[in-house]
Amino acid sequence: MNRLILLASVLVAPLALAQGMLIPTDTSMGPLGIKYQRVSAEIVDGAAVTKVEQVFVNSSSRQLEAHYVFPLPKGAALQDFYLWINGKKTRGEVLEKQKATEIYEGIVRRLQDPGLLEYVDTDAFRARVFPVPANGEQKIELTFSQVLDFNAGLYQYHYPLGASSRGAPRLTVKQDFVFSANIKSKVPLRSIYSPTHKLGVSRKGENDAITGLEMGAGADISKDLDLFYTVSDKAVGLTFMSHRPDPEQPGFFMALISPRAELKADEVLAKRITFVIDTSGSMMGDRMKLARDTLKYCVQKLNARDEFNVVRFSTDVEALFEKPQLASEANVKKAVEFVSGMEAIGGTAIDEAMTRALKDGANRGDRPHMVMFITDGHPTVGETDENAIAKDARAANTGSRVFTFGVGDDLNARLLDRIADEGQGTSDFAKDGRDFELKVGGFYDKVANPVLSDLALDLSAFGAYDVYPKRLGDLFKGAQLVVMGRYRTPKDGTVVLTGNFNGKKQVFEYRGDATKESKQYDFVPRLWAIRKVGYLLEEIRLRGERAELKEEVVALGKKYGIVTPYTSYLVVEDTPLPVAQNQNRPPPPPRPDPWVFRGAEEKSAPKGSASGFSLGGSGGLAQPSAPSTKPADKSPAPVTAAEAPSDDFDSAFGRGARGPAKEEAMKKADGKDGIAVSRALKKMKEQDEAERVSDPVRTASGRTFMYRNGGWIDSEAVNGTSKSLKVKYLSDAYFAILKARPDLKAALALSDRLVIVVGKDKSIIIEPTAGETKADAVTAFLK
């Protein structure tokens, strides 16, 4: 007999949660694995309708009875719920209510999985499903509607996927995970941003956009998906987001800046651009053909009001025009013919070519001048000293922005980085073939239509400091600027954005609310710290190491768990950390360390049994009296193939070594090693997406945690606290923490072994072997 019983409840929920689980009633089994999950959201003026389709796999040889558990967002209404029983689509009915807290506390106790605490205090329902076919699949489909949170032009949509720290919902999908959101708004859309995932965005005008991603087989679906989008009637939209969890400390902010999606021809700034291409002998063959084709593409995409020039260099330097000319049809034709006749022969006169290109920046009037400089080699003709070339470029630059592109591996990456940095531009590096076309052509598409030049952001009303990027540069059609920093003055103030358009100063004013303590946007502090470390490391690399810069890198690396040449993912403290050993649960394996060369000595992450960390002291976890009996497959998830680092990190660096080998990486200028360092620094400087959660450093509840010998340590507890309270995992006192401090839910979901700071010089220590503590004692300790 087919049976379906659906239980639902409505509780207060601060956050939208939506990861469903199918849990067998047989207590010897864990949640069923996921074959695929497909989520589509239709968002119209802040009202969202989300459809979820999941297929679970029963790999056992027997028919199962199971419970499907799904937490709805606060205030959401379930519209449809279907499941397939014996191949027949069956509609569910609401028959009974039960408190969601009871549902999830029961599941946490049964599965001994703290990650499921993410579900507590949600609007949850539960369905009893029978039969789930042996060696078969169970398909479930539901639709719910909700009104998104809205504040000062900013909408937030949240779809959590990291519902369990060790259970089935953290497994990789066997087929795919697909997310899409179709956004429509009467007020024009501006920024569309995700701090958690790289979402593709396709705009269909000012008021419509589609955003989403598709992850294939083996993809890790363990990181919550957050989507922010902004609306504004202004030509340039700006949204100010503040995070200040401690009213006694400076706060953090993020600003999203984006122009209108649709622009008329006279709303695009006329620009001047000089294309510089290396035609030395090393460019011979396919590399030269690709360079010619890409350069012709760029020239033919120029706007009619633009001015341009083309400079080629090898042993000599030759410019198409004596000075930049309008991009008329005749001049573009001349340029195409000039480029078509280029041949690869001779040496590499980088110094002379750069100074010639910068000469085009003189007498440009109101036009911004950009230099696109493409080379594949070291300087071999004329001036060849790196410092002298950088000095000559600096002297010749009268306000031009320099963008450098290195092709292949045999080049001086540090020189190109330095020229771009001092020219207020960026550097990038491409492999041969398709990568070259995508990098160079894609860059030109991005900068083809400037909207404002010489942007400046005035945040003096908030006492802003440590703002990154340090120079905003220009704003382009279809682009989005993400600015992060700190602020000292909490107030409701005005953010002022200025820029130039054809010689006229444009001023835009926006409201910024930083009036109160705010725990929203807790992803901002670590992203800000990563960016700052990137700028500090680049300063060290380009201009030499100084003690105060190194000390600041080390301090930020330790506080926020950032890998640098001077720290590692498993940060080694001056004194042992108070973490108990757990020999049956190895730490998550670290990703390859981006500051260690291939061939350097490799050391794996320290295991608890060999770490030598002591467990004593009032702030420490007690040594377990016996090894944990939890199955090994409930250890933190390993790094999967889908999580493997990109070639940017993999190309020259190894795994696990540290110290001198890592610091040596900063000195590398040439070849693959120099390029890898450059890419790592660029990624840090532009960081706007949270890192993968599989590293032995994680952020939760606005805090940074580090993995130590089977447990997670709050980075604020590394030096210990004067007061601490030990609480047994899954005891009544444990759940009392959650009730008294719901803001710690994400932190408690990390592990059954945890040290977390809960107040000034106070910490709570969670472990399975702690003695019984009364719930009232926890409540009193937290006050």
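Structural data are supplied above this passage.
These numbers come from a predicted model, not from an experiment. (Residues numbered from 1 in each chain as written. Predicted model: local features only at pLDDT ≥ 70, side-chain atom pairs only at ≥ 80, totals over all residues. Heavy atoms only, no water.)

K.L.:
Please give an account of the pairing of strand β33 (residues 697-700) that cites residues and values.
P.N.:
One ladder, built from four bridges, connects β33 with strand β34 (residues 703-708); its direction is antiparallel. Each bridged residue has a counterpart across the sheet, and for Thr699 the counterpart in β34 is Thr704. Taken together, β33 and the strand that follows it, β34, pair antiparallel across an intervening segment of two residues, in which Ser701 is found at a positive phi of about 55 degrees. (Pairing = 2+ DSSP bridges. Helix = DSSP H or I, 4+ residues; strand = E, 2+ residues; numbered from the N terminus.)

K.L.:
Describe the sheet that holds strand β6 (residues 77-85), with residues and values.
P.N.:
For sheets, the rule is that strands pair by backbone hydrogen bonds, running either parallel or antiparallel. If you walk across this open sheet you meet the eight strands as β7-β6-β10-β4-β3-β13-β16-β15, and the pairing is mixed. Strands at the two margins of the open sheet, each flanked by one partner only, are β7 (88-91) and β15 (200-203). The mean angle between the axes of side-by-side strands here comes to 15 degrees, regardless of whether they run parallel or antiparallel. Note: β15 against strand β16 (residues 208-215), four bridges, orientation antiparallel. Bridging from a neighbouring strand, Ser202 pairs with Ile210 of β16. (Axes fitted to C-alpha atoms, helices over the stretch in contact; angles between N-to-C directions.)

K.L.:
Outline the sheet that holds strand β28 (residues 464-468), supporting the account with residue identities and numerical values.
P.N.:
Read across the sheet, four strands follow the order β18-β19-β30-β28 without closing on themselves; strand pairing throughout is antiparallel. Strand pairing shows two members of the sheet lacking a second neighbour, β18 (236-243) and β28, which therefore form its edges. Across the sheet, the axes of successive neighbouring strands diverge by a mean angle of 25 degrees, strand direction being ignored. Bridge count between β18 and strand β19 (residues 251-259): eight bridges; the pairing is antiparallel. By the bridge assignment for β19, Val236 is matched with Pro259. Across the sheet, helix α8 (residues 524-543) is in contact with β18, β19, β28 and β30 (481-487); its angle to β30 comes to roughly 95 degrees. (Contact = heavy atoms within 4.5 Å.)

K.L.:
With reference to specific residues and values, describe the pattern of salt bridges.
P.N.:
Under the criterion given, the structure shown has 40 salt bridges. Asp417 is the salt-bridge partner of Arg541, the closest N and O atoms lying 2.5 Å from each other. Of the two residues, Arg541 is situated in helix α8 and Asp417 in helix α6 (residues 413-422); the sequence distance between them amounts to 124 residues. For the residue pair Arg541 and Asp417, the accessibility class agrees, reading buried in each case. The network of salt bridges with common partners includes Arg394, Arg418, Asp421, Glu422, Arg471, Glu539 and Arg543. (Salt bridge = Lys/Arg side-chain N within 4 Å of Asp/Glu carboxyl O. Buried < 20%, exposed > 50% of the residue type's maximum accessible area, 1.4 Å probe, protein only.)

K.L.:
Describe the packing of aromatic side chains, and please don't skip the residues or the numbers.
P.N.:
A full pass over the atoms with the stated rule returns 19 aromatic pairs. Through pairs of rings, three or more aromatic residues link up here, namely Phe56, Tyr68 and Phe81. Over the ring of Trp84 we find Lys139, and its NZ or CZ is 4.5 Å from the ring centre. For the cation-ring pair, Lys559 lies above Tyr560, with the distance from its terminal atom to the ring centre recorded as 5.6 Å. (Phe/Tyr/Trp six-rings, centres within 6.5 Å; stacked < 30°, edge-to-face > 60°. Lys NZ or Arg CZ within 6 Å of the ring centre and 35° of its normal.)

Just geometry here; none of it tells us what the structure is for.
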